[in-house]
Amino acid sequence: NAGVMQNPRHLVRRRGQEARLRCSPMKGHSHVYWYRQLPEEGLKFMVYLQKENIIDESGMPKERFSAEFPKEGPSILRIQQVVRGDSAAYFCASSPPYSHEQYFGPGTRLTVT
Amino acid sequence: DQQVKQNSPSLSVQEGRISILNCDYTNSMFDYFLWYKKYPAEGPTFLISISSIKDKNEDGRFTVFLNKSAKHLSLHIVPSQPGDSAVYFCAASLGEYTGTASKLTFGTGTRLQVTL
């Protein structure tokens, strides 16, 4: 059973470009979460999605960030017009329904130059 | 507002001895707690969890203790092994008894070094 998959693993963008991060949950998991880890900090929650629904986006910056989890295909975290402060590791996690145990992917390391 | 705190940024323990990692929380609504282990350039790996109705949960070398009155939990690793060297995060969530999953609130991590 494959784990949570994220791609790309590393992404370099220039200021003002768009970044798209993809996450495929574990088989049988219908809940997806995105977290961000800034250097020397813990993981901070961004958004929680189920198929075609955003359940909790209380951690998402109000501008430039969006997330989706379509009926088919991976979940996408999209960052428009990236700035240097967006440089971080972005982790996706998934869980089955009614479970508090979340399983993480390897992360996407975004570098904004 | 740091609702989950790990006050020791680092800990060094000799191989074979017990490692004790501590975590405090401020939100009394948290009802489920988890520990994750993280190696550099990898995602966190789930280790062990505990519901607020319990005060102890054990899985092999790992035991988590929960003291609700003190809003404190700890992870014991015994015996410690060099492969345990990593950053350990505690995390908390809500909604255990509503049957709804929810976001995790993480501490800032403790770097454990197990020496030979």
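The following paragraphs examine the structure supplied in this document.

## Digging into the layout of surface pockets
Turning to step 1, where the next piece is worked out: Estimates place the volume of the largest pocket at around 590 Å³.
Turning to step 2, where the next piece is worked out: Looking at the largest pocket, it is lined by 25 residues, and the ones nearest its centre are Q37 and E40 of chain A together with K38, V87 and R111 of chain B.
Turning to step 3, where the next piece is worked out: When residues of the lining of the largest pocket are traced back to their parent elements, those giving at least two are β9 (88-95) of chain A together with β9 (86-93) and β11 (110-115) of chain B.
Turning to step 4, where the next piece is worked out: Split into classes, the residues belonging to the lining of the largest pocket amount to 13 nonpolar, seven polar and five charged.
Turning to step 5, where the next piece is worked out: Its boundaries defined by the atoms lining it, the second largest pocket holds a volume of some 290 Å³.
Turning to step 6, where the next piece is worked out: Mapped onto the lining of the second largest pocket, the elements with two or more residues apiece are β5 (43-50) of chain A together with β9 and β10 (105-106) of chain B.
Turning to step 7, where the next piece is worked out: Sorting elements by how many residues they give to the lining of the second largest pocket places β5 of chain A first, with three residues.
Turning to step 8, where the next piece is worked out: Looking at the lining of the second largest pocket, its residues break down into seven nonpolar, eight polar and three charged.

## What to know about the sheet that holds strand β1 (residues 4-5) of chain B
Residue and element names in this part refer to chain B.
Turning to step 1, where the next piece is worked out: The sheet built from five strands is open, its strands ordered β1-β3-β8-β7-β6 with antiparallel pairing. Of all the strands in the sheet, just β1 and β6 (56-59) have a single pairing partner and so form its edges.
Turning to step 2, where the next piece is worked out: Here strand β7 (residues 62-67) pairs with strand β8 (residues 72-77) via six bridges, running antiparallel. Bridge pairing in β8 places F65 opposite S74.

## Here's the deal with the packing of aromatic side chains
Turning to step 1, where the next piece is worked out: For the structure on display, the rule yields 12 aromatic pairs over all chains.
Turning to step 2, where the next piece is worked out: Here the aromatic rings of Y36 of chain B and F46 of chain B are separated by 5.8 Å at their centres, their planes lie at 70°, and the arrangement is edge-to-face. Note that Y36 of chain B is positioned in strand β4 (residues 32-38) and F46 of chain B in strand β5 (residues 45-51), a separation of 10 residues in sequence.
Turning to step 3, where the next piece is worked out: Consider the rings of F89 of chain B and F106 of chain B, whose centres lie 6.2 Å apart with planes at 85°: the pair is edge-to-face. In this pair, F89 of chain B is assigned in strand β9 and F106 of chain B in strand β10, connecting sequence segments 17 residues apart.
Turning to step 4, where the next piece is worked out: Pairwise contacts between aromatic rings join Y35, F45, Y103 and F104 of chain A together with Y36, F46, F89 and F106 of chain B into one cluster.

## Concerning the pairing of strand β6 (residues 53-56) of chain A
All names here are of chain A.
Turning to step 1, where the next piece is worked out: Here β5 pairs with β6 via three bridges, running antiparallel. Residue pairing in the sheet places Y48 in a bridge with D56 of β6.
Turning to step 2, where the next piece is worked out: The antiparallel pairing of β5 with β6 creates a hairpin that spans two residues between the two strands, and E52 there sits at a positive phi of about 65°.

Cut-offs used in this document
Residues numbered from 1 in each chain as written. Chains lettered and ligands numbered in written order. Predicted model: local features only at pLDDT ≥ 70, side-chain atom pairs only at ≥ 80, totals over all residues. Heavy atoms only, no water. 1 Å grid on protein atoms, 1.4 Å probe; cavity = no way out; pocket = protein on both sides within 12 Å on 5 of 7 lines; lining within 4 Å. Points joined across faces, edges and corners; volume = space filled by probe spheres on them. Helix = DSSP H or I, 4+ residues; strand = E, 2+ residues; numbered from the N terminus. Nonpolar A, V, L, I, M, F, W, Y, C, P; charged D, E, K, R; others polar. Pairing = 2+ DSSP bridges. Phe/Tyr/Trp six-rings, centres within 6.5 Å; stacked < 30°, edge-to-face > 60°.

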